[in-house]
Number of protein chains: 2
Amino acid sequence: MIQSATNIKRPDKEQLKVVNRKVNQLNIPDSPLPRVVIIGAGFGGINLVKKLKNKPFQVVLINKTNYHLFQPLMYQVATAGLEASSIAFPVRGIFAHKKDFYFRLAEVQEVNSEENYVETNIGNLNYDYLVIGTGSKANYFGNDNFRTHAKGMKTLYQAIGLRNFGLKGLEDTLLLKDSKEKQVALNIVIAGGGPTGVELAGALAEFKKKIFPKDYPELSPDLMSIHLIEGAPRLLSAMSNKASESTLKHLKKMGVKVKLNTLVKDYDGTKVTLADDSVLYSKYFIWSAGVQGNAPCGLPEEGLVRGNRIKVNDFNLMFGSDNIFAIGDVAQIATDRDRPKGHPMLAQVAIQQGQLLAENLQRIENKQKPQAFKYWDKGSMATIGKNKAVVDIGNIHLTGFVAWLIWIFVHLAFLMGFRNKVIVFFNWIYNYITFDRATRILLKRQ
Amino acid sequence: MIQSATNIKRPDKEQLKVVNRKVNQLNIPDSPLPRVVIIGAGFGGINLVKKLKNKPFQVVLINKTNYHLFQPLMYQVATAGLEASSIAFPVRGIFAHKKDFYFRLAEVQEVNSEENYVETNIGNLNYDYLVIGTGSKANYFGNDNFRTHAKGMKTLYQAIGLRNFGLKGLEDTLLLKDSKEKQVALNIVIAGGGPTGVELAGALAEFKKKIFPKDYPELSPDLMSIHLIEGAPRLLSAMSNKASESTLKHLKKMGVKVKLNTLVKDYDGTKVTLADDSVLYSKYFIWSAGVQGNAPCGLPEEGLVRGNRIKVNDFNLMFGSDNIFAIGDVAQIATDRDRPKGHPMLAQVAIQQGQLLAENLQRIENKQKPQAFKYWDKGSMATIGKNKAVVDIGNIHLTGFVAWLIWIFVHLAFLMGFRNKVIVFFNWIYNYITFDRATRILLKRQ
């Protein structure tokens, strides 16, 4: 059943006060204003907080890191093209001097929707409104071997770990005598040909071509193989056919071994088994073949859908709740007949939902009718390598150099912070001219 | 007894060949040229390798990280002013395409000077000439409590750890209710008023003044104290009196609580006990009060001096050896009557020794007389904060803005890599204008 706007009501003030006394363990000062607790400093959460400025709410943002992360460039950190802090921006820096705003570095363990509070690793906190913007996480489709052995790239720590792992693998290979062993050591297998898999494969192919021969003249570049395995009949299946074809052509030209229509069945830490029972040997196996919502525990069953996403109406209000909202990757608007699976998990969706929700929270407070979310699709894009990207904007499908320029400027525009924009842009120019990947630093405890 | 150049002889070729077969476990190709094994990619090692270019040697550089680290700016990484990879430069990037040069990422465990090979964690390797440039490490003067509880800042990993620890401490403090507890949590104690201690104290004082009030409006800046404890009667005791006085004045003005003539006696993880039995409570205790040489194990007793440094003659040849050399912090030239304690542990000494040793190795190969090392003291300097530094060049002692500009350009000049220079310079301009410290990213495993 679709909830109507008239169902939305502010939770009973008097009742909340009782809860208040019990569950403010996060040292948030009392306020006469209703408290909006936001979980997650991703694109949705950050844009929601920004738009809540000068609106009559106390805002508490909870995040498990102290920075907002620009996920789309993570693969460049993993492949030594950018430094970690160039794509991370400290949350406190975004909202310095914001009135009645509080940030807490914490991990939410459970939502108690009956009593309107969240449980975190540093204590509990009640809310008047709760907004969940916890994004997505890897979906291993129940295979614990993937969870245990595959490398992921969802957190900054993982991206740096991947960089370290790759560099260490190259150094270790120098000590091997048998060329078969070397080949296995330098075999890279990426499961999943979505944007993450494609962009990572492209960056690794460039590393192989430009960095590898210079840094490791002792090893033949032919020893290194990059495999990209995709279950669907085409790469970037969320984009246009033209984009898919262009991507496939360029990746192949760059030496990436692409296999379509093939699922990865298992991985034991060394052996990758594909659905056709063929086998690849690799230590460096990256899982980018599936994501699921990252919904916190404790939400009522009726508020969840398949894939661990939160079922919301077109005001982003969770089904079965009056005051819990979800935005971005973790939310699935279940009231749009044209999009039975919800919106794509893209930054643009999260940004637009966060912005609209700020307006809607004020409307709800004012007993006005909130406005339904309507996604303005600005297009999608992926980069494959130097001078090569694919861009879909409506019916316009661009490939090659122009697409690549668009990709660059769109990414710079959405990257947070002037300093980060300048540093990333400079790094790109530098990498472009020198073919270098300057941050290939192996950072480890000694 | 001082060794003369005529004592220097090439180890017996025939004998080495036998050793060779036994101990090349690092996959270094055979070469007709004599093999120089260099341990350490610091200022000494890097400059030695550079100057060995086109000289008839096979060169193997062993280092425990894959990068050359610009130690003088480490305190800026620890205080979120610079990113880690801005002050690190991949070794392989420096020496790409160098002929008969091999880099191995390894930790040397022991030197076997009888049989001319080094033992490392990845295997053994024989040498014709060995050069030790392993730098210095913290000296806790036998107090294991310091070793266990004090924070250090000698490796990049430690500097990032210090940044994480500080940021986490601030977040944790928000949850405390008692203002005494908050004060303890925000108390910083630095043991040692040499360049590291002074520069760190200055950077932290600026953080307290400019970042703290913006990022943590919930906490009063008065809660945070920075203590600098020095055993000698003045700070920067290796510099001029004028530099010491200016430094003391500026640090005090910036709110740093400086205590001179006072040694730190003990630290149990919370309580800092000073020599006068007064006590400071701090979780954030940094040890920069002493360094010692980082000589590897296995060297003959006669080749070592107090402070774990290697005793060398003025050709940097180790006492009691024909083919082991030491350069930089770990070396102590014991043949200079004017410098009974050897040269100061400065980058300049290491650079000049590395450069000269390249020439001398060739001279030795050619049976020519090597040239004695003569230190060209280009001056010393330290920065205290924005617009404030102290510089001694011979009898010229500068303080304030001009000194600060000199400090900036000298550091940029010696920082390796065009990309790093540009990024550090941009960060400094950005930090200067905005008072920001943009890399305050808390990076941790999730």
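Since this is a predicted model, take the numbers as computed values, not measurements. (Residues numbered from 1 in each chain as written. Chains lettered and ligands numbered in written order. Predicted model: local features only at pLDDT ≥ 70, side-chain atom pairs only at ≥ 80, totals over all residues. Heavy atoms only, no water.)

Asker: Is there a simple way to explain the relation of the copies chain B and chain A in this structure?
Answerer: Mapping between the two copies of the chain is achieved by a rotation about an axis and a shift along the axis. Taken as rigid bodies, chain B and chain A are interconverted by a rotation of 180° and an axial shift of 0.0 Å, the fit giving an RMSD of 0.0 Å. Overall, the copies show the geometry of a two-fold rotation axis. Rotation axis and chain B: the residue whose C-alpha lies nearest the axis is Ile423 of chain B, separated from it by 3.4 Å. Of the residues that chain B buries at the interface, 98% are likewise interface residues in chain A, meaning the two copies contact each other through the same surface. (Least-squares fit on C-alpha atoms with pLDDT ≥ 70 in both. Contact = heavy atoms within 4.5 Å.)

Asker: How should the interface of chain B and chain A be read in this particular structure?
Answerer: Much of the literature gives interface size as the accessible area that the parts lose upon coming together. Counting from both sides, the interface comprises 54 residues of chain B and, opposite them, 53 residues of chain A. For the pair chain B and chain A, the summed buried surface comes to about 5,200 Å²; carbon and sulfur atoms form 58% of the total. Seen at the junction of chain B and chain A, the total is six salt bridges. A salt bridge links Glu83 of chain A to Arg419 of chain B; its shortest N-O distance comes to 3.2 Å. Joining chain B to chain A, the criterion identifies 24 residue pairs in polar contact (both at pLDDT 80 or more). Mapped by element, the contributors of at least two residues to the side of chain B that touches chain A are β4 (88–90), α4 (91–94), β5 (101–105), α6 (156–173), α8 (195–215) and α12 (418–434) of chain B. Per element, the largest residue contribution to the side of chain B that touches chain A is seven residues, and it comes from α12 of chain B. Broken down by class, the residue content of the side of chain B that touches chain A amounts to 27 nonpolar, 13 polar and 14 charged. (Buried area = accessible area lost by both parts, 1.4 Å probe. Salt bridge = Lys/Arg side-chain N within 4 Å of Asp/Glu carboxyl O. Polar contact = N/O pair within 3.5 Å; in protein donor to acceptor, adjacent residues only side chain to side chain. Helix = DSSP H or I, 4+ residues; strand = E, 2+ residues; numbered from the N terminus. Nonpolar A, V, L, I, M, F, W, Y, C, P; charged D, E, K, R; others polar.)

Asker: Sorry if this is basic, but what is going on with the side chain of Arg419 of chain A here?
Answerer: Summarising the element assignment, Arg419 of chain A is placed in helix α12 (residues 418–434). The exposure class of Arg419 of chain A is buried, given its relative accessible area of 1%. A polar contact is formed between the side chain of Arg419 of chain A and the backbone oxygen of Ser85 of chain A, at a distance of 3.5 Å. Within polar-contact distance, the side chain of Arg419 of chain A engages the side chain of Glu83 of chain B at 3.2 Å. (Buried < 20%, exposed > 50% of the residue type's maximum accessible area, 1.4 Å probe, protein only.)

Asker: What is the right way to look at the sheet that holds strand β11 (residues 187–191) of chain A in this model?
Answerer: By definition, the strands of a sheet pair up through backbone hydrogen bonds, in either a parallel or an antiparallel sense. Residue and element names in this part refer to chain A. Ordered in space as β13-β12-β11-β17, the four strands form an open sheet in which the pairing is parallel. Each edge of the open sheet is held by one strand with a lone partner, namely β13 (257–259) and β17 (284–287). Neighbour to neighbour, the strand axes of the sheet diverge by 15° on average, direction disregarded. By the bridge criterion, five bridges tie β11 to strand β12 (residues 225–229) in an arrangement that is parallel. (Pairing = 2+ DSSP bridges. Axes fitted to C-alpha atoms, helices over the stretch in contact; angles between N-to-C directions.)

Asker: Would you explain the sheet that holds strand β14 (residues 264–267) of chain B in this entry?
Answerer: Residues and elements named next belong to chain B. Taking strand neighbours across the sheet as the criterion, the three strands line up as β14-β15-β16 in an open arrangement whose pairing is antiparallel. The open sheet has two free edges, formed respectively by β14 and β16 (279–281), since each of these has just one partner strand. Here the strands of the sheet are splayed against their neighbours by 20° on average, with no regard to which way each runs. Pairing between β14 and strand β15 (residues 271–274): three bridges, direction antiparallel. Note on β15: the bridge partner recorded for Val264 is Leu274.

Asker: Any chance you could explain unusual backbone geometry here in plain terms?
Answerer: Among all residues save glycine, negative phi is the norm, and among peptide bonds the norm is trans. Despite not being glycine, Lys367 of chain A shows a phi value in the positive range, around 60°. Along the polypeptide, Lys367 of chain A turns up in the loop between α10 (347–365) and β23 (380–385). With relative accessibility at 71%, the residue Lys367 of chain A sits in the exposed group. Its identity is not glycine, yet Asp277 of chain B carries a phi of approximately 65°, on the positive side. If you trace the backbone, Asp277 of chain B turns up in the loop between β15 and β16.

Asker: What exactly am I supposed to notice about the packing of helix α11 (residues 400–414) of chain B against α12 of chain B here?
Answerer: The description of two packed helices rests on the angle between their axes and on the distance between the axes. All names here are of chain B. One can describe the packing of α11 onto α12 by two numbers: an axis separation of 9 Å at closest approach and a directional angle of 150°. Accordingly, the angle class assigned to the pair α11 and α12 is roughly antiparallel. The segment α11 lies against α12, with Phe401, Trp404, Trp407, Ile408, Phe409, His411, Leu412 and Ala413 engaging Lys421, Val424, Phe425, Trp428 and Tyr432. A class-by-class count of the residues in the contact of α11 with α12 yields 11 nonpolar, one polar and one charged. (Parallel < 35°, antiparallel > 145°, perpendicular 65-115°, else oblique.)

Asker: How do you make sense of the pattern of salt bridges when you look at a structure like this?
Answerer: Pairs can form between side chains of opposite charge once their charged atoms are near each other. All names here are of chain A. Within the structure shown, the criterion is met by 22 salt bridges over all chains. The salt bridge partner of Arg147 is Asp144, with a shortest N-O separation of 3.3 Å. Highlighted residues: Arg147 and Asp144, both in helix α5 (residues 144–149), separated by three residues, approximately one helical turn. One salt bridge connects Asp276 with Lys259, and the closest N-O pair in it is separated by 3.6 Å. Residue Asp276 is found in the loop between β15 (271–274) and β16 (279–281), and its partner Lys259 is found in strand β13; the two are separated by 17 residues along the sequence. Since its relative accessible area comes to 31%, Lys259 is described here as partly exposed. Residues joined in a network through salt bridges with shared partners are Asp215, Asp436 and Arg440.

Asker: Before we go on, may I ask you to explain the packing of aromatic side chains in this structure?
Answerer: By convention here, two paired aromatic rings are described through the distance between centres and the angle between planes. Residues and elements named next belong to chain A. One pass over the structure, following the stated rule, counts 32 aromatic pairs over all chains. Seen in terms of ring centroids, Phe95 and Phe101 are 4.9 Å apart; in terms of plane orientation they differ by 55°. Their pairing is tilted. Taken together through their ring pairs, the aromatic side chains of Tyr140, Phe146, Tyr267, Phe285 and Trp287 make up a single cluster. The positively charged end of Lys386 is found above the aromatic ring belonging to Phe435, 3.2 Å away from the centroid. (Phe/Tyr/Trp six-rings, centres within 6.5 Å; stacked < 30°, edge-to-face > 60°. Lys NZ or Arg CZ within 6 Å of the ring centre and 35° of its normal.)

Asker: When you look at α8 of chain B in this model, what are you seeing that I'm missing?
Answerer: The periodicity of an α-helix, 3.6 residues per turn, causes residues three or four positions apart to be oriented the same way. With 21 residues, α8 of chain B should reach 30 Å at 1.5 Å per residue; the first-to-last C-alpha distance of 28 Å fits that figure. Maximal helix bending in α8 of chain B amounts to about 40°, located at Lys208 of chain B. (Expected span 1.5 Å × (residues − 1). Bend = angle between axes of the 7 residues up to and from the residue.)

Asker: Help me understand α10 of chain A in this model?
Answerer: Residue and element names in this part refer to chain A. Taking 1.5 Å as the rise per residue, α10 with 19 residues should run 27 Å; its terminal C-alpha atoms sit 27 Å apart, in good agreement. With 14 of its 19 residues buried, α10 lies for the most part within the structure. The first or second residue beyond α10 is Lys367, which carries a positive phi of 60°.

Asker: I'm lost on the packing of helix α11 (residues 401–414) of chain A against α12 of chain A in this one. Help?
Answerer: All names here are of chain A. Put simply, α11 and α12 touch, their axes get as near as 9 Å, and they point 150° apart. Taken together, α11 and α12 sit at an angle that is classed as roughly antiparallel. Contacts between α11 and α12 involve Phe401, Trp404, Trp407, Ile408, Phe409, His411, Leu412 and Ala413 on the former and, on the latter, Lys421, Val424, Phe425, Trp428 and Tyr432. Classifying every residue of the contact of α11 with α12 gives 11 nonpolar, one polar and one charged.

Asker: Help me understand the environment of Tyr129 of chain B, please; the structure alone is not making it clear to me.
Answerer: Along the chain, the position of Tyr129 of chain B falls in strand β9 (residues 129–132). For the pair Tyr129 of chain B and Leu186 of chain B, spaced 57 residues apart in sequence, the C-alpha to C-alpha distance is 51 Å.

Asker: Just to check I follow, could you spell out the confidence of the model for chain A for this structure?
Answerer: Low pLDDT means the predicted coordinates in that region are not meant to be read closely. Residue and element names in this part refer to chain A. Looking at chain A as a whole, its pLDDT mean stands at 93, while 95% of the residues score no less than 70. A low-confidence stretch, residues 1–9 stays under pLDDT 50, and its non-local contacts, those more than four residues away or across chains, total 20 contacts. Confidence drops under pLDDT 50 across residues 16–21; counting only partners more than four residues distant or on other chains, this segment forms eight contacts. Interface scoring of the predicted complex returns ipTM 0.90; its pTM is 0.92. (pLDDT = per-residue confidence, 0-100.)

Asker: Got a minute to help me understand the pairing of strand β7 (residues 117–120) of chain A in this structure?
Answerer: In summary, the side chains of a regular strand alternate between the two faces of the sheet. All names here are of chain A. Where strand β6 (residues 108–112) meets β7, four bridges bridge the pair, whose relative direction is antiparallel. Pairing of Val111 across the sheet is with Val118, part of β7. Count of turn residues in the β6/β7 antiparallel hairpin: four residues, of which Asn116 carries a positive phi of about 60°. Sheet topology places β7 next to strand β8 (residues 123–126); four bridges connect them, and they run antiparallel. In the strand pairing of β8, Glu119 is matched with Asn124. Linkage of β7 to β8, two consecutive antiparallel strands, is achieved through a turn of two residues.

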